[in-house]
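# Descriptive analysis of the structure
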Amino acid sequence: MFPPPLATASGGGSLGTLDHGSLYHVSKEPPQMTLWLTLAVNSIAFGGLLFLLSAGFSLIFGLMRIPNLMHGSFFMLGAYFGVTLLAVGANFWVAALASGLAMAIIGGGVERLLLRRLAGQELAQVLLTLGLSFIVSDLCLIIWTGDPWQPLAPAELRGVVRAGGMIFPLYRLAVVVIAVAVAAALWVMVDWTRLGAMIRAGVDDAPIARVVGIRVSRLFTLVFALGAALAAFAGVVGAPILSVYPGLDADMLPLALIVVILGGSGSLLGALVGSFMIGFLYNFGQARFPDLAYVILFLPMLLVLVLRPQGLFGKGGS
Amino acid sequence: MTRVTAPHAAFALALVGLSTVPLWVGNSYYVDVASQILLFAVFALALNVLVGYGGLVSLGHAGLFAVSGYTAGLMLQAGFGHAVAIAGAVLATLLTSAVFAVLALRSTGIGFLMITLALGQILWGIAYRWADLTNGDNGVSISTRPAPFGMSLSGAPSFYYATLVVFLFALAAMAAFERSPFGASLRGTRDQARRMTALGYNVWLIRFLAFLFSGFWCSVAGLLYLYNKQFISPQVSALQASAEVLLMVISGGTATLLGPIAGAAIVVIMKYVVSAYVVRWNLVLGVIFVAIITFMPEGLVPGSVRIWGFARRRWRALRPARKPTAGAPP
């Protein structure tokens, strides 16, 4: 039901890249300083994963005004696709990309075949995605059973990096690098390309964008597929850390929701900042107040709602 | 009220039917199912205040329902009496509703839905994770049901009658609300918020009070649930539970008195029937959701009427075309 914490309260000894099989593996209690640093690395890695998940969510919400309640399902289904491919011996990155591609097709299909029929009825669209998420979660339970799957990190990233007498797990650093690279790529796409300009136009004012000849409906499908692909990719990349289990979708969806409420819908920078904030809160909360970690996550969201309802980086109005 | 109309007769008939359920159902298991239909009908009526009349779709109502059940359950466990526990539960739920309302009414439409969803998740997080307070996944169980006026409610039929009385109160409250100026002003804020503001109404306050009204009946439903099951667990506060009650409202038809009741009956019965054959209730729930939204967005009752009318028109349009072909050969 709940994502296994990246660092358990047992003291971050579960850094676990040396021994990927057991997340809850307890090693010797590291010194306090190292504990904090470890938590920080885990937080950044988790933040990176969250960004991969919520960037698509944010773009979909910003452009189509749909909080896509099956975004967590994309994440989980993608992760299941990935671990299945890994189980039959595929390369890790091939599995991640293939899973992303498959989910892009599924996501695009959902948008074209179902959401499109309900154009303009936001509420019906939300409820449709909610219904689909229930279907997906139960189908996953039927197909992949209730046992968690936890793949190994790719072989070349299983080691650790030693710096200044401290040990950093390589895979978590790699996750951060991937997230930053994707963030940069998305930023270039949105801010520097023609496609990005069209998406921005669609986010700002869809009717006017249509008037000037932008095919907003095609953009919808594209962005939806892209968001689904990113979520699935994140699911596979996150699988060695989070593992894949029934209920992963319901665990990740609220996180994406908080990130977007925090950062402001349609804003990539907001999604990035929000993701890292939540990544830190989640890991430090988990270590210090394990009982209330989940509740603590929502506090900044409540603050933002009261003080700045459009989100930290959101545009006013709406 | 001078003439006895068809609706009056139907209502009287339904009342007779409802009040004799334990007599003709017999099996106490099914009487219990009937109690659950009624208590979920109260829950659905409560949500319908916001969804139907206010146009505010909440996905966090299971949280309010759970606050009520948990508060009463924990207070009973701590040794308080039933009256105190019930009062405490209603109070706690009203307070939570007020907090929900203040935060969620920063926005309407999709924003409202997202905020209520997130708030509902917080309550789920407390119910599930704060094990010191809520006993986590093991839930809270209570040993006794209350005995109002010295009547024991321990049997299924007696509990059914108690639920029926509460349900009728809820129905009466909803009917009064629907006709009241307050109900009219809430519908006004749904349809023409800007115009209502221009007319001098405080739109925010109307919505806030509607939220409290809805929260009150949620807490009543939560209490009924707790006493019915004598057990409450984090599952009742999960997103699925919020979605289920929303499905009750939508499937029956929003902004009507009977819609949520019909929806509650449909969903509860379906849940029991489906659970008897397959374990995949969530799958069925999802399929129903998708089917209703795709084919009958206005709700099952009006939707069936529309599809029936459509089929009949098609049938009539087809028939004259057949006559010549049938008469042509000779």
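Residues numbered from 1 in each chain as written. Chains lettered and ligands numbered in written order. Predicted model: local features only at pLDDT ≥ 70, side-chain atom pairs only at ≥ 80, totals over all residues.

### Here we look at the overall build of chain A
Counted only if it meets this: Under the DSSP-based scheme used, a helix requires at least four consecutive residues in state H or I and a strand at least two consecutive residues in state E, with every element numbered from the N terminus. Three exposure classes are used, all based on how many other C-beta atoms lie within 10 Å of a residue's own C-beta (placed from the backbone): buried at 20 or more, exposed at 12 or fewer, and partly exposed between those limits. Once C-beta atoms are placed from the backbone, any two residues with those atoms within 7 Å are in contact.
Within chain A, the secondary structure is distributed over eleven helices and two strands. For chain A, the sequential pattern of α-helices and β-strands runs α-α-α-α-β-β-α-α-α-α-α-α-α. For chain A, the proportion of its 318 residues judged to be buried stands at 53%. Considering only contacts in chain A between residues 6 or more positions apart, those separated by 24 or more positions represent 74%.

### Section: the overall build of chain B
What counts, and what does not: Radius of gyration means the value over C-alpha atoms here, while the globule rule gives 2.2 Å times the residue count to the 0.38 power.
Within chain B one finds 15 helices and two strands. For 330 residues, the compact-globule formula gives about 20 Å, and the C-alpha radius of gyration of chain B, at 22 Å, lands near that figure. Seen through its C-alpha atoms, chain B measures out along the principal axes to roughly 90 × 55 × 50 Å. Expressed as a percentage of the 330 residues in chain B, the buried residues total 44%. Put simply, 74% of the contacts in chain B that link residues at least 6 apart link residues at least 24 apart.

### Comments concerning the interface of chain B and chain A
Using the following cut-off: Each residue receives one of three labels: charged for Asp, Glu, Lys and Arg, nonpolar for Ala, Val, Leu, Ile, Met, Phe, Trp, Tyr, Cys and Pro, and polar for the others, Gly being one of them.
Each partner contributes to the interface: chain B provides 34 residues, whereas chain A provides 33 residues. Elements represented by at least two residues in the side of chain B that touches chain A include exactly helix 6 (109–129), helix 7 (131–134), helix 12 (239–252) and helix 14 (281–295) of chain B. Within the side of chain B that touches chain A, the residues separate by chemical class into 22 nonpolar, eight polar and four charged.

### Let's talk about the confidence of the model for chain A
Short version of the rule: On a scale of 0 to 100, pLDDT captures the predictor's confidence in every residue.
Scored by pLDDT, chain A comes out at a mean of 82, with 88% of its residues at no less than 70. Ignoring residues within four places in sequence, the model shows residues 1–29 of chain A, a span with pLDDT below 50, making 60 contacts including any to other chains.

### Topic: unusual backbone geometry
Not every positive phi belongs to a glycine, and Thr145(A) is a case in point at roughly 60 degrees. Structurally, Thr145(A) can be placed in the loop between helix 4 (122–144) and strand 1 (160–163).

### Some thoughts on the nonpolar core
Definition in use: In plain words, the nonpolar core is the set of buried Ala, Val, Leu, Ile, Met, Phe, Trp, Tyr and Cys residues that C-beta atoms within 7 Å link up.
Residues Ala232(A), Ile258(A), Val42(B), Phe43(B), Ala118(B) and Ala221(B) are the most contacted members of the largest nonpolar core, which totals 202 residues. Those residues in contact with Ala221(B) that lie beyond four places of it in its chain are Leu39(B), Val42(B), Phe43(B), Ala46(B) and Phe65(B).

### Some words on the packing of helix 5 (residues 170–192) of chain A against helix 6 (residues 194–204) of chain A
Residues and elements named next belong to chain A. Just so we agree on the cut-off: Note on geometry: axes are lines fitted to C-alpha atoms, helical ones only across the stretch in contact, with angles between N-to-C directions running from 0 to 180 degrees. The cut-offs work like this: below 35 degrees is roughly parallel, past 145 is roughly antiparallel, 65 to 115 is roughly perpendicular, and the gaps in between are oblique.
Remark: helix 5 packs on helix 6, axes separated minimally by 5 Å, with the N-to-C direction vectors making an angle of 75 degrees. Regarding the angle of helix 5 to helix 6, the classification is roughly perpendicular. For the pair formed by helix 5 and helix 6, the contact residues are Met189, Val190, Asp191 and Trp192 on the first element and Leu195, Gly196, Ile199 and Arg200 on the second. Residues belonging to the contact of helix 5 with helix 6 are distributed by class as follows: five nonpolar, one polar and two charged.

### Here's the deal with the environment of Tyr53(B)
All names here are of chain B. Summarising the element assignment, Tyr53 is placed in helix 3 (residues 28–53). With 26 C-beta atoms counted inside 10 Å, the residue Tyr53 sits in the buried group. Residues Tyr53 and Val279 lie 226 residues apart in sequence; the distance between their C-alpha atoms is 35 Å. If we ignore the near neighbours within four places in the chain, the residues touching Tyr53 are Gly183, Leu186, Arg187, Arg190 and Ala255.

### Section: the environment of Pro181(B)
Residues and elements named next belong to chain B. Relative to the elements of secondary structure, Pro181 occurs in helix 9 (residues 181–191). Among the residues examined, Pro181 registers 8 C-beta atoms within 10 Å and is labelled exposed. The sequence separation of Pro181 and Leu257 amounts to 76 residues, and the corresponding C-alpha distance is 17 Å.

### What to know about helix 2 (residues 71–87) of chain A
A turn of α-helix holds 3.6 residues, and therefore any two residues three or four places apart point the same way. Residue and element names in this part refer to chain A. Condition: Helix span, expected: 1.5 Å multiplied by one less than the number of residues in the helix.
Between its terminal C-alpha atoms helix 2 stretches 24 Å, which fits the 24 Å expected from 17 residues at 1.5 Å a residue. The buried fraction of helix 2 is high, at 15 of 17 residues. Just downstream of helix 2, Gly89 is the residue with a positive phi angle, here 95 degrees.

### Topic: the environment of Met189(A)
Residue and element names in this part refer to chain A. With respect to the secondary-structure elements, Met189 resides in helix 5. The exposure class of Met189 is partly exposed, given the 15 C-beta atoms found within 10 Å. Sequence separation between Met189 and Gly264 is 75 residues; the distance between their C-alpha atoms is 19 Å. Apart from residues lying up to four places away in sequence, Met189 is in contact with Leu195 and Gly196.

### What about helix 8 (residues 156–179) of chain B?
Residue and element names in this part refer to chain B. Between its first and last C-alpha atoms helix 8 spans 34 Å; for 24 residues at 1.5 Å apiece the expected length is 34 Å, and the two agree. All of the buried residues along helix 8 are Phe159, Tyr160, Ala162, Thr163, Phe167, Ala170 and Met174. On its buried face, helix 8 sits against helix 2 (21–25), helix 3 and helix 11 (203–229).

### Looking at the confidence of the model for chain B
All names here are of chain B. When pLDDT is averaged along chain B, the result is 86; 94% of the residues meet or exceed 70. Within chain B, the lowest mean pLDDT, 69, falls on helix 15 (residues 300–327), and the highest, 95, falls on helix 11. Confidence drops under pLDDT 50 across residues 325–330; counting only partners more than four residues distant or on other chains, this segment forms zero contacts.

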